[in-house]
Amino acid sequence: MIDRNTSDHHIVEFDLTADEARRRTEVVAALGDTWDPLAVLEGEADAHRLLYSNLDAEQQATYDMLVSAGVLPASGQA
């Protein structure tokens, strides 16, 4: 068995919980009071629908394959 705590190798652990909480607080503060998460989600859903609309047969087959493989969400689930 190898002793991982040798004179030239020490295990160091960091608890980033406080830093992550501070980072999230700063992100929300930077978004400001006018940020509307529902509008953002609706915009993303609209973009998804637009991106995958009017596909030709080959593109639709590829899209269907990616959905069935779980790579892309099914229509209406974006």
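For clarity, every value in this text was computed on a predicted model and none was experimentally measured.

Trainee: Would you explain the pattern of salt bridges in this entry?
Mentor: Any two side chains of opposite charge can pair, given that their charged atoms come close. In this structure the tally under the stated criterion is 3 salt bridges. Among the salt bridges present, the one from Arg24 reaches Glu20, with a minimum N-O distance of 2.9 Å. With Arg24 and Glu20 both in helix α1 (residues 17-31) and 4 residues apart, this pair spans about one turn of that helix. Here Arg24 falls in the exposed class, since its relative accessible area comes to 53%. Exposure remark for Glu20: the relative accessible area of 27% places this residue in the partly exposed category. In this structure, Arg49 engages Asp46 in a salt bridge whose closest nitrogen and oxygen atoms are separated by 2.2 Å. Of this pair, Arg49 and Asp46 both sit in helix α2 (residues 37-51), 3 residues apart, roughly one helical turn. For Arg49, a relative accessible area of 49% translates into the label partly exposed.

Trainee: I'm lost on unusual backbone geometry in this one. Help?
Mentor: Note: most residues except glycine have negative phi, and most peptide bonds are trans. One non-glycine residue, Asn54, adopts positive backbone phi at about 55°. Relative to the helices and strands, Asn54 is located in the loop between α2 and α3 (57-68).

Trainee: Explanation requested: the packing of aromatic side chains in the structure shown.
Mentor: By convention here, two paired aromatic rings are described through the distance between centres and the angle between planes. Under the defined criterion, the tally for this structure stands at 1 aromatic pair. Pairing Tyr52 with Tyr63 gives two aromatic rings, centres 4.8 Å apart and planes at 35°, and the pair type is tilted. You can see Tyr52 sitting in the loop between α2 and α3 and its partner Tyr63 sitting in helix α3, a full 11 residues away along the chain. By relative accessible area, Tyr52 is classed as partly exposed at 26%. Among the residues examined, Tyr63 registers a relative accessible area of 7% and is labelled buried.

Quick notes on the rules
- Residues numbered from 1 in each chain as written.
- Predicted model: local features only at pLDDT ≥ 70, side-chain atom pairs only at ≥ 80, totals over all residues.
- Heavy atoms only, no water.
- Salt bridge = Lys/Arg side-chain N within 4 Å of Asp/Glu carboxyl O.
- Helix = DSSP H or I, 4+ residues; strand = E, 2+ residues; numbered from the N terminus.
- Buried < 20%, exposed > 50% of the residue type's maximum accessible area, 1.4 Å probe, protein only.
- Phe/Tyr/Trp six-rings, centres within 6.5 Å; stacked < 30°, edge-to-face > 60°.

By themselves, these figures tell us nothing about what the structure is for.
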